[in-house]
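# Topology and contacts: notes
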Amino acid sequence: MDYRKTATGILTCIGGKDNIVSAAHCATRLRLVIADNGKCNKEKLENVDGVKGVFEASGQLQIILGTGVVNKVYDEFIDLSGVASASKEDVKAAAAQKGNIFQRFIKTLGDIFVPIIPAIVASGFLMGIMESLNFMIGAGYLNLDPDNALFFLANLFSNTAYVFLPVLIGFSAAKVFGGNPYLGAVIGMIMVHPNLQNAWGKTAGIDSYLNVFGLYKVPLLGYQGHVISVIVAVFIMAAIEKRLHKRVPAMFDLFVTPLVSVFVTGFLTMTVVGPVFNFVESSIINGVQALIAIPFGIGSLVMGALYAPTVVTGIHHMYSIIDLGQIQEFGVTYWLPLASAANIAQGAAALAVALKTKDTKLKAMALPSSLSAFMGITEPAIFGVNLRFFRPFVCACIGGGVGAMFASITGLGATGTGVTGIFGILLCLNAPVKYALMFVIAAAVSFILTWMFGYKNVEAAEDVNAAENVDITVCAPVTGKIVSLKDTGDETFSAEILGKGFAIEPSEGKAVAPCAGTVSALMGHAIGLTCDNGVELLIHIGVDTVKLEGKHYTAKVEEGQHVSAGEVLMEFDIAAINEDGYRTVTPVIVTNTEAYSDITGEAGDVKAMETLMTIHR
């Protein structure tokens, strides 16, 4: 891969370096915050060599490039754009400023839970293994001594992350809210203090209550497995701590601020915040459980079908609350199998597209995306394939709903959270056959629907013309003098990064459609045209004229409009553009150059609708 070419293509499609607010990358994605989303041509961006998918999430434009590729493209992108390299946290901060209150709330939940997922997954896996071993020992399938040291310690380790979950959340939440993470951990410790009755052992009733100034009583109950009350408590602690840091003299700050922050927050948590938000959380969990428990799995069918759309919006970050709450309440989460069914279905839809398409680039993207989704990572499949054609996405939603319905009817529950897809079975070792059947059902329904109705592989027009083995003549869109792309003085055009073609020094300020086709892109100074014969053209009137932001240009067509050969596309004022310091030399680029063997033409004078170049099969 030419990493610089890919970076240049991305930079061009997002509106240039002046449209970049911040840039960073993770293991698979280039993460950008751009100033004006309207200047980004996503359709063209998806066709840049090496780009496997494009989507917007949490205020970021995320471009999927893949492991081992993204870092190299990123280096070239930074070099070309001249923007400063930023961390993922910097990009998130920049993106957060663009989001609304709800988006910022969802992002906050994600920032809190993502760092602690490995701990939750480790405990969940071990809990599933130990539960399976205990079942097989009890049923006589295994002859193991549950009192031996290894077995005893494994049982001890298995639920540790869940027993002390408020400590993990307290630490992580304090970092997100700008407080001292160790004080946040202390708040979590207070909420699971051994002098409080363990919330997982309350089946026999609550042992004791705290009399709050003779006004009311609250149960002296721990918050094992609870989430919302911990987050709210740490938010309060961080707010108090930050305010005290500003007001307490430096010589007393080390002593006064931690003491007051922890004591005040602890008191409010145990007397007000904890009981109130414990009720809120229990209501949410019971509401979700009631929905899942609707007869014949109807509620789960709906939830399973809607899960993937919530991934698109980023709302899925809040589902950790449901998973952890159900584990605390029921010992397992009935929500994770629903999520797993939805993720598996998205992978199956992408697999159907991969096997059915004749587009080699789409096949190369869809196949690994489907395998990724089967492993529980769905973004490449959803954003790179299924949403792009939409109908596979819908078929996958139906498949996910049917798989979730089966999971609900059979009472499938997971002992942990954080892992779906193939490896999700390790969280369901209490019922592996049910999980395998759910997997097959969700995948089969999604695959069959996508194969039959979700994706119709229509050979591209250029493939049809290729069978005819006929050269294509492209006419000039403007009147003037034909020159080489190297004469434009623009590095991108000269290097033919966007494709091969020719340029014209226009003598008249009018551009017409050189062939019948559809206007695929319309910017202030440029027109993208998908011709009926399969040729994709970019008519770029001027060099660096994007800076004029449409000034001196008048579009005569609309994006998506079908035009006839010779129909006026745009008028422009040559003298005014030149007076502002810009050249009007007009590159005419065949952006799908790779579909053809060669493009030829000759320099000289030309009139609009006369032959500009010949495209050879």
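Our subject is the structure listed above.
This report concerns the structure included in the present document. (Residues numbered from 1 in each chain as written. Predicted model: local features only at pLDDT ≥ 70, side-chain atom pairs only at ≥ 80, totals over all residues. Heavy atoms only, no water.)

### Notes on the state of the cysteines
Which entries qualify depends on this criterion: When two cysteine sulfur atoms lie within 2.5 Å, the pair is treated as a disulfide. A helix here means a DSSP run of H or I that spans at least four residues, while a strand means a run of E at least two residues long, and both kinds are numbered starting from the N terminus. To sort residues, take the accessible area from a 1.4 Å probe on protein chains only and compare it with the maximum for the residue type: under 20% means buried, over 50% means exposed, and anything in between is partly exposed.
In this structure the tally under the stated criterion is one disulfide. Covalent S-S linkage joins C515 and C531, the inter-sulfur distance amounting to 2.2 Å. Of the two residues, C515 is situated in the loop between β10 (510-512) and β11 (517-522) and C531 in strand β12 (residues 526-531); the sequence distance between them amounts to 16 residues. Side by side, C515 and C531 carry an identical accessibility label, which is buried. For the unlinked cysteine C13, the closest cysteine sulfur is that of C40, found at 7.4 Å. As a non-bridged cysteine, C397 has C395 as the owner of its nearest cysteine sulfur, 9.2 Å distant.

### Side note on helix α15 (residues 335-356)
Where we set the bar: Residue count minus one, scaled by 1.5 Å, sets the expected span of a helix.
A rise of 1.5 Å per residue sets the reference length of α15, with its 22 residues, at 32 Å; its end C-alpha atoms lie 32 Å apart and thus fit the reference within 8%. Counting buried residues in α15 gives 19 out of 22 residues, a clear majority hidden from the surface.

### Here we look at the pattern of salt bridges
The line we're drawing: Whenever a carboxyl oxygen of Asp or Glu lies within 4 Å of a side-chain nitrogen of Lys or Arg, that contact is scored as a salt bridge.
If you walk through the whole model with that rule in mind, you get six salt bridges. Note that E76 and R4 form a salt bridge whose closest N and O atoms lie 2.6 Å from each other. Separated by 72 residues along the polypeptide, E76 in helix α3 (residues 70-81) and R4 in helix α1 (residues 3-13) bring together distant segments of the chain. On the basis of relative accessibility, which here comes to 24%, the residue E76 falls in the partly exposed class. Overall, the relative accessible area of 30% leaves R4 in the partly exposed class. Within the structure, one salt-bridge network assembled from shared partners comprises R4, E76 and D79.

### Let's talk about the pairing of strand β2 (residues 29-34)
For a regular strand, side-chain orientation follows a simple rule: the groups alternate between the two sheet faces. Here is the rule we go by: Two strands are counted as paired when DSSP detects at least two bridges linking them.
Most of β2 is tucked away, with six of its six residues classed as buried. Burial along β2 is two-sided: the face carrying R29, R31 and V33 and the face carrying L30, L32 and I34 are both buried. Pairing geometry for β2 and strand β4 (residues 60-64), over four bridges, is antiparallel. The partner of L32 across the bridge, within β4, is L61.

### Brief notes about a positive patch on the surface
So the rule is basically this: Here a patch means residues that are over 30% exposed by relative accessible area and free of salt bridges, tied together within 9 Å if like-charged and within 5 Å if nonpolar (Val, Leu, Ile, Met, Phe, Trp, Tyr). For accessible areas, the Shrake-Rupley method is used with a probe of radius 1.4 Å. Any residue's cover is judged against the shown protein chains and nothing else. A positive count includes Lys and Arg, and a negative count includes Asp and Glu. His and the chain ends are not counted in either. Here the site of a charge means atom NZ of a Lys, CZ of an Arg, CG of an Asp or CD of a Glu.
On the surface, a cluster of positive charge is made up of K242, R243, K246 and R247. The topology assignment puts K246 in helix α11 (residues 228-247). In this structure K246 comes out as exposed when scored by relative accessible area, which is 74%.

### Overview of the environment of K363
As a reminder, the rule being used: Residue contacts are counted whenever heavy atoms from the two residues lie within 4.5 Å of one another.
Along the polypeptide, K363 turns up in helix α16 (residues 360-374). You can call K363 partly exposed: its relative accessible area is 32%. Placed 148 residues apart in sequence, K363 and A511 show a C-alpha to C-alpha distance of 37 Å. Setting aside residues no more than four positions away along its own chain, K363 makes contact with A354, L355, T357 and P368.

### Re the nonpolar core
Proteins that are soluble and globular tend to have nonpolar side chains buried together. Test applied: We call a set of buried residues a nonpolar core when its members are Ala, Val, Leu, Ile, Met, Phe, Trp, Tyr or Cys and they connect through side-chain atoms within 4.5 Å of each other.
Core analysis: the biggest nonpolar cluster contains 38 residues, and Y307, W335, I344, L412 and M438 have the highest contact counts within it. With eight residues, α15 is the largest single contributor of residues to this core. Beyond its immediate sequence surroundings of up to four residues, W335 is in contact with V288, I292, M303, Y307, Y319, I322, D323 and Q326. Of all hydrophobic cores here, the second largest spans 36 residues; its members include I527, L537, Y553 and L569.

### Observations regarding the packing of α15 against helix α18 (residues 391-409)
To keep it simple, the criterion reads: In this analysis an axis means a line fitted to C-alpha atoms, helices contributing only their contacting stretch, and an angle means the value between N-to-C directions, from 0 to 180 degrees. The hand of a helix crossing depends on one turn: near helix anticlockwise from the far one by less than a right angle means left-handed, and clockwise means right-handed. Under the scheme applied, nonpolar residues are Ala, Val, Leu, Ile, Met, Phe, Trp, Tyr, Cys and Pro; charged residues are Asp, Glu, Lys and Arg; polar residues are all the others, including Gly.
Interaxial distance between α15 and α18 falls to 7 Å at its minimum, and their mutual angle equals 145°. The two elements α15 and α18 meet at a crossing, and its hand is right-handed. Judged by residue contacts, P337, L338, A341, A342, A345, Q346, A349 and V353 of α15 engage P392, F393, A396, C397, G399, G400, G403, A404 and A407 from α18. In the contact of α15 with α18, the residues fall into 13 nonpolar, four polar and no charged.

### Looking at the sheet that holds strand β15 (residues 562-563)
Pairing between the strands of a sheet comes from backbone hydrogen bonds, and it takes one of two forms, parallel or antiparallel. The eight strands are arranged β15-β11-β12-β13-β17-β9-β8-β19 in an open sheet whose pairing can be described as antiparallel. This sheet does not close on itself; its edge strands, each paired only once, are β15 and β19 (604-606). Alignment of strand β8 (residues 480-483) against strand β9 (residues 500-506), held across four bridges, turns out to be antiparallel. Bridging from a neighbouring strand, I482 pairs with I504 of β9.

### With respect to the sheet that holds strand β20 (residues 611-616)
In space, the three strands of this open sheet follow the order β7-β20-β18, with antiparallel pairing throughout. The open sheet is flanked by β7 (472-475) and β18 (598-600), the only strands paired with a single partner. Here the average twist between neighbouring strands, direction ignored, is 25°. Both β7 and β20 contribute to a ladder of four bridges, which runs antiparallel. In the strand pairing of β20, V474 is matched with M613.

### Considerations on the packing of α1 against α3
Note the threshold: Working definition: roughly parallel below 35 degrees, roughly antiparallel above 145 degrees, roughly perpendicular at 65 to 115 degrees, and oblique for all remaining angles.
Axis separation between α1 and α3 bottoms out at 8 Å; the angle between their running directions is 60°. In terms of their interaxial angle, α1 and α3 are classed as oblique. Regarding α1 and α3, the two cross each other, and that crossing is right-handed. Every residue of α3 that contacts α1 at Y3, R4, T6, A7, T8, I10 and L11 is listed here: K72, V73, E76, F77, D79, L80 and S81. Partitioning the contact of α1 with α3 into residue classes produces seven nonpolar, three polar and four charged.

### Some thoughts on helix α6 (residues 117-138)
For α6, with 22 residues, the first-to-last C-alpha span of 31 Å sits near the 32 Å given by 1.5 Å per residue. Within α6 the residues assigned to the buried category are I120, V121, S123, G124, M127, G128, M130 and S132. Buried residues in α6 make contact with α7 (149-158), α8 (160-163), α9 (165-177) and α14 (319-330).

### Concerning the environment of A7
Mapped onto the secondary structure, A7 falls in helix α1. By relative accessible area, which is 0% here, A7 ends up buried. Considered as a pair, A7 and G413 are 406 residues apart in the sequence and their alpha carbons are 45 Å apart. Residue contacts for A7: discarding those within four places in its chain leaves V73, E76, F77 and L80.

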